[in-house]
Amino acid sequence: MFNRDRWNEIIQALTANKLRTFLTAFGVFWGILILVLLLALTNGLRTGVTMEFANQATNTMFMWGQSTSMPYKGLNKGRRVQFKIADVGVLKEKMPQLKYVSPRLQLGGYNGSNNVTRQEKTGAFQVYGDYPEFINQRYMDILKGRWLNYSDIQKEMKNAVIGTDVVKQLYDIGEEPIGTYIQIQGVNFKVVGVFENPNTQGNNEEEANTIFIPFSSFARAFNSGDNVGWMAITAYDEYSITDIKPAVFAIMREQRTVHPDDQRAIGNFDLAERLAKLTGLFSVLSLVGYVVGALVLLSGGIGISNIMLIVVKERTNEIGVRRALGATPWTIKKQILQESLVLTIISGLAGIAVAAGVIWLMNYLLDQSGPVENFANPTVNIVVIGIALVILIIAGLLAGFIPASRATQMKPVDALRTE
Amino acid sequence: MIEISNLHKSYKTGSNYLHVLKGIDFSVKEGELVAIMGSSGSGKSTLLNILGMLDEADEGSYVLDGVPIKNLNEKIAAKYRNKFLGFIFQSFNLISYKNAMDNVALPLYYQKVGRRERDERAMHYLEKVGLADWADHLPNQLSGGQKQRVAIARALASDPKVLLADEPTGALDTKTSYEVMDLIQGINEEGRTILVVTHEPDIAQMTKRIVNLKDGRIIDDTLVDQVKALSHV
Ligand SMILES: Nc1ncnc2c1ncn2[C@@H]1O[C@H](COP(=O)(O)OP(=O)(O)O)[C@@H](O)[C@H]1O
Ligand SMILES: [Mg+2]
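These numbers were taken from a predicted model, which means no experiment stands behind them.

1. Topic: the overall build of chain A
Okay, step 1: Along its length, chain A carries 13 helices and 14 strands.
Okay, step 2: Buried positions account for 50% of the 419 residues belonging to chain A.
Okay, step 3: Counting every atom, chain A has about 19800 Å² of accessible surface; 59% of that belongs to carbon and sulfur.

2. Here we look at the confidence of the model for chain B
Residue and element names in this part refer to chain B.
Okay, step 1: Summing up the model confidence of chain B, the mean pLDDT is 92 and the portion of residues at 70 or higher is 100%.
Okay, step 2: The weakest mean pLDDT in chain B belongs to strand S5 (residues 67–68) at 90; the strongest belongs to strand S8 (residues 193–197) at 96.
Okay, step 3: For this predicted complex, the interface score ipTM comes out at 0.93, alongside a pTM of 0.69.

3. Some thoughts on the site of ligand 1
Okay, step 1: If you check the shell around ligand 1, you find 14 residues, and the closest are Gly41, Gly43, Lys44, Ser45 and Thr46 of chain B.
Okay, step 2: The contact in question runs from an oxygen atom of ligand 1 to an N or O atom on the backbone of Gly41 of chain B, over 2.7 Å.
Okay, step 3: Contact with the protein chains hides 70% of the accessible area of ligand 1, taken as 560 Å² for the molecule alone.
Okay, step 4: Only helix H13 (412–417) of chain A together with strand S1 (2–13), strand S2 (16–28) and helix H1 (44–51) of chain B provide two or more residues apiece to the shell around ligand 1.
Okay, step 5: Here the element with the most residues in the shell around ligand 1 is H1 of chain B; it accounts for three residues.
Okay, step 6: Looking at side-chain class alone, the shell around ligand 1 contains three nonpolar, eight polar and three charged residues.

4. A word on the environment of Val321 of chain A
Okay, step 1: Assignment of secondary structure puts Val321 of chain A in helix H10 (residues 316–324).
Okay, step 2: It is 7.8 Å that separates the C-alpha atoms of Val321 of chain A and Pro412 of chain A, two residues lying 91 residues apart in sequence.
Okay, step 3: Not counting the four nearest positions on each side in its chain, Val321 of chain A is found in contact with Leu416 of chain A together with Asn93 and Arg154 of chain B.

5. Remarks on the packing of helix H4 (residues 115–128) of chain B against helix H5 (residues 144–157) of chain B
Residue and element names in this part refer to chain B.
Okay, step 1: Packing of H4 against H5 brings their axes to within 9 Å, and their N-to-C directions diverge by 135°. With respect to H5, the axis of H4 lies oblique. The chirality of how H4 crosses H5 is right-handed. Contact residues: H4 offers Arg121, Tyr125, Leu126 and Lys128, while H5 offers Val150, Ala153, Leu156 and Ala157.
Okay, step 2: Classifying every residue of the contact of H4 with H5 by side-chain character gives six nonpolar, no polar and two charged.

6. A look at the sheet that holds strand S9 (residues 209–214) of chain B
Residue and element names in this part refer to chain B.
Okay, step 1: Taken in spatial order, the six strands line up as S6-S7-S8-S3-S9-S10 in an open sheet, and their pairing is mixed. The open sheet is flanked by strand S6 (85–88) and strand S10 (217–223), the only strands paired with a single partner. Taken over all neighbouring pairs, the strand axes of this sheet differ in orientation by 15° on average, direction set aside.
Okay, step 2: The pairing of S6 with strand S7 (residues 162–166) spans four bridges and is parallel. Note that in S7 the partner of Gly86 across the bridge is Leu163.
Okay, step 3: Sheet contacts for H1: strand S3 (33–37), S6, S7, S8 and S9; angle to S7, the most-contacted strand, approximately 155°.
Okay, step 4: Across the face of the sheet, H5 comes into contact with S6 and S7 while running at roughly 170° to S6.

Conventions used here
- Residues numbered from 1 in each chain as written.
- Chains lettered and ligands numbered in written order.
- Predicted model: local features only at pLDDT ≥ 70, side-chain atom pairs only at ≥ 80, totals over all residues.
- Heavy atoms only, no water.
- Helix = DSSP H or I, 4+ residues; strand = E, 2+ residues; numbered from the N terminus.
- Buried < 20%, exposed > 50% of the residue type's maximum accessible area, 1.4 Å probe, protein only.
- Areas by Shrake-Rupley, 256 points an atom, 1.4 Å probe, with all protein chains shown as cover.
- pLDDT = per-residue confidence, 0-100.
- Near = heavy atom within 4 Å.
- Polar contact = N/O pair within 3.5 Å; in protein donor to acceptor, adjacent residues only side chain to side chain.
- Nonpolar A, V, L, I, M, F, W, Y, C, P; charged D, E, K, R; others polar.
- Contact = heavy atoms within 4.5 Å.
- Axes fitted to C-alpha atoms, helices over the stretch in contact; angles between N-to-C directions.
- Parallel < 35°, antiparallel > 145°, perpendicular 65-115°, else oblique.
- Left-handed = near helix turned anticlockwise from the far one by under 90°.
- Pairing = 2+ DSSP bridges.

Here it is in structure tokens:
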């Protein structure tokens, strides 16, 4: 279809008015650039946000006691609801849909005062009392040693699994933490494992600043009795936690002597619901990317079509001359279509190339600056680029179609008469 | 070579028709050099365009080199134009972004002649019109006379049966006009049939036969004593 002569013809024609060719090409360039960039940004956001969810079981909610808002069975309103360890067994028994019910306790806090010491070194860390199941709800990579087990719980072992940042602060470089002791609020715990959070983004410092100890040892060491701070509850995949959580709350109200209609007594954070919202949001964002890009591309295509119309009009005389010299209408049409196609595809490819450059630069900067919250690895897959190219070819042909048919509408004699 | 009879052509202007050609009977033999004369608006260009298959007559017959020209579709018309005819225009009609050689080669391009041969033949015709050294010049780097000579080379490139020239000297000064006419006479001497539309008597005198048009009819058709253009240069 494209031999060298035809290329020369097309290039001669397109370079005859370089500025206009450039300006025309710009519309399509922009369209495809915006399309590709928007999709890449959406992908980046999606990857970033879903990475946040990637290190936890997503069919999960967190549930805690708040203050009652209704009096019930002689109890005043405004009473603090305190979950107890016995509630866990009741929940598991009454709700077989629940895969994990992990009671949790927390000590100190992120950015709090120093609560952990080892020899001369001290630091402020988050200390959690947990059950072994918790690692199935919040995934961790155990770098050294092991994670908590039921033996730790039953024997109330003073064992601890510590984050990489804890190691950094409390140990010298090269020092082996496993088997050593740390003091948590004056109580000695033996380090049995070191963990790291897989693919965390942004706030991984917070994560790595954490120490996990057995729930039972926590209760004993820090005198929390049979209290439960809050619960991390994961349902089996067949059940949606969002759907079954009202039943969970009902059981807890009964357990804690809370009015059945008291909605405020129990607080929760529903990870599954949050993820569903975000997923929906990203579908919308992708759609917006496609629509906006397609519209800009369309206007670019219309731009090409318009310019080609002007070109055809300006070249009416030339077309007349060519026909006098023996060009068939189809030859002329083909040339106009090819010019339009070449113009569209070249400017589209330039747009894709520049977009790829911008994306590469973004990734480079992200690599340099370290992870950014909720944004990672903006990419456009090859399928999207393939689709963009197909759209370009169609746009180029459509853009050339009207001008091409206009070009040979006139009789040669009238075309020649036009100046 | 050319046989036409009872040729009619009218243009529609608004609601009425302008009857431009009112029955032309006319024939040209091979090797003739004919001037078509007449005042402005007498229908000279209309006649030439019909002969050139750029336009169609309303009525009448036209036979070119034994081939009846009637109801051609554009594809065949294009092929016939390419094969049978060479055009020379008053305003040269060179393609502005193509150099002299590419302009001359264009009819061969439409014949699908390969690039090498095309360039060779284009060069040959540029030599013939004395512009070999200007082969890679763009039209706007050439004088009017040079442009018309490139156009003549282009008209010759496909080795057509008939050259049709509409006021070929209309945009040129007298001296250059005579040079162009000298070239045309030379080409005619080689046996090629040429029709020249002109309203200038001195140009017409340089042909071998003058056909006079008036009000869409031929009022006069006479052989002339050809004046050699060279004698004026
Ligand atoms: N396409 C057209 N539409 C309407 N009138 C036309 C058209 N072409 C030519 N004419 C008219 O036909 C007449 C003859 O034109 P033309 O053949 O160009 O004359 P000449 O070449 O002898 O000057 C003129 O009056 C001109 O205005
Ligand atoms: Mg005229």
